[in-house]
Amino acid sequence: MQTPHDPLTTGTAQTAAAAPFPAGPAPRRATRQVHIRWDGNVVAVGGGAPVVVQSMTNTDTADAIATAIQVKALALAGSEVVRITVNTAEAAKEVPAIREQLDRMGIYVPLVGDFHYNGHKLLTQYPDCAQALSKYRINPGNMGTGKRRDDNFAQMIDVANRHDKPVRIGVNWGSLDQDLLARMMDDNGRRAVPWEASAVMRDCLVVSAIENAQRAESLGMPSDRIILSCKVSNAQDLIAVYRDLSGRCDYPLHLGLTEAGMGSKGIVASTAAMGILLQQGIGDTIRVSLTPEPNGDRSTEVVVAQEILQSLGLRAFAPVVVACPGCGRTSSTVFQELAASIQGYLRAQMPVWRSQYPGVESLHVAVMGCVVNGPGESKFADIGISLPGSGEQPIAPVYIDGERSLTLKGDHIAEEFQALVEDYVSRRYGAPATAATTTTDA
Ligand code: SF4
């Protein structure tokens, strides 16, 4: 007889009441929706829109050609909004030229101007720059102090209002408003049990963002043109700050771990922090701030941001290649090479495939190293290949839609499998062939 604690009884009861093992992120936090526009291209942020991927150039903006080339590369990699530094008169003068070059190349990605210290002057003195940008990033901690800071902030909001541009009020741990911090530290000292200084700083970030957003609204900026961010460089601080911020306002939030670092350190730290927040429904647009290797590819930060969102099931950008890690059963690097080449091939096709084959971003491909998990994992994929491990017959069965369809062997398995993937994509995602019209003469 089964007892009330019998796992079988419990499991059956759960099945009847609700689906067991619920998986997936929490519902997105409800926010207003902000539109970032350029020439008919509208990127919606928050308010139920998909989480937006952003990136930032590291070229000298005064070098219009180099900047336009990098913006194009970031946009083709999948960045839906690109931020550029606007720090000098020379940079501000070149912004319209960058915009024009991008438009000529058919790259309509919205550009965001990143301003510190002198944004109020540059946006006022170079109205063509103010117009060519689709959004302004304002750091209230870098605008002077006291009345001068308030005036500079008001001037930037005035320009944004006149040009109908949204803003991101981006507060940063490294450039916190020192007046506000001093005031909050004083208030903390009067608490019966004062908080730790780090907690006051986290609170100060949140208060600074919200107070400045309210100030922008009091200066006439509509609330649906304001995005907030509170960037810090430590994962736990980021999680704490955004949890708090998300509960205290309904502006869309831009997520990012600032100064995340290089290589795997930067990728892991960003993924750990943003993954937890995104899973909780927090974050409407993200940027992965990776320090590139010297001469490294800036677009890596776009790919990582996409992979964070795709791994969490929040968006799909490119076909997924499931590959096993390999082990003592693999005696060669063939399957590693095949996994890498298929992944590179699929990603390289995406700029064209995205419009040619709608839905192809949800394709699953498996490349497995031996018979242990190869056939099983390949059957779960749309198309999969199980390569021979050591001691196995030198053949590679291919599974299509869960069925073993054919077997590859010889020296050209990689090329043949790639051709099979290409054929599968065109058959499954291509436009159905229209029946030929035959005219018969009477
Ligand atoms: S599928 Fe085979 S080769 Fe790959 S990790 Fe598993 S046992 Fe090793």
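Structure shown above.
Residues numbered from 1 in each chain as written. Predicted model: local features only at pLDDT ≥ 70, side-chain atom pairs only at ≥ 80, totals over all residues. Heavy atoms only, no water.

Enquirer: Talk me through the sheet that holds strand β14 (residues 364-368); I want residue IDs and the actual numbers.
Expert: If you walk across this open sheet you meet the five strands as β13-β14-β15-β16-β17, and the pairing is mixed. The two strands at the open ends of the sheet, each matched to only one other strand, are β13 (320-323) and β17 (403-408). Across the sheet, the mean angle separating the axes of adjacent strands is 20° when strand polarity is ignored. Both β14 and strand β15 (residues 383-386) contribute to a ladder of four bridges, which runs parallel. Its bridge partner lying in β15, M368 is registered against S386. Across the sheet, helix α12 (residues 334-356) is in contact with β13, β14 and β15; its angle to β14 comes to roughly 160°. (Pairing = 2+ DSSP bridges. Helix = DSSP H or I, 4+ residues; strand = E, 2+ residues; numbered from the N terminus. Axes fitted to C-alpha atoms, helices over the stretch in contact; angles between N-to-C directions. Contact = heavy atoms within 4.5 Å.)

Enquirer: Describe the site of the ligand, with residues and values.
Expert: Surveying the vicinity of the ligand reveals the residues C324, P325, G326, C327, R329, T330, M368, G369, C370, V372 and N373. The residue makeup of the shell around the ligand, split by class, is six nonpolar, four polar and one charged. (Near = heavy atom within 4 Å. Nonpolar A, V, L, I, M, F, W, Y, C, P; charged D, E, K, R; others polar.)

Enquirer: Requested: an account of the environment of R168, with residues and values cited.
Expert: Within the secondary structure layout, R168 lies in strand β7 (residues 167-172). A relative accessible area of 1% places R168 in the buried class. For R168 and R191, which are 23 residues apart along the polypeptide, the C-alpha to C-alpha distance reads 33 Å. (Buried < 20%, exposed > 50% of the residue type's maximum accessible area, 1.4 Å probe, protein only.)

Enquirer: Report on the pairing of β14, specifying residues and quantitative values.
Expert: Here β14 lies mainly inside the structure; four of its five residues are buried. Here four bridges tie β13 to β14, and the two strands are oriented parallel to one another. Within the sheet, the bridge partner assigned to V322 lies in β14 and is A366. Note on the crossover from β14 through helix α13 (residues 374-380) to β15: the handedness is right-handed. (Right-handed = clockwise from strand over helix to strand, strands pointing away.)

Enquirer: Report on helix α11 (residues 300-311), specifying residues and quantitative values.
Expert: Here α11 spans 16 Å end to end across 12 residues, near enough to the 16 Å set by a 1.5 Å rise per residue. Burial runs high along α11: nine of the 12 residues are buried. E301, V302, V303, V304, A305, Q306, I308, L309 and Q310 are the residues of α11 that are buried. Phi for G313, located one or two positions after α11, is positive at around 75°. (Expected span 1.5 Å × (residues − 1).)

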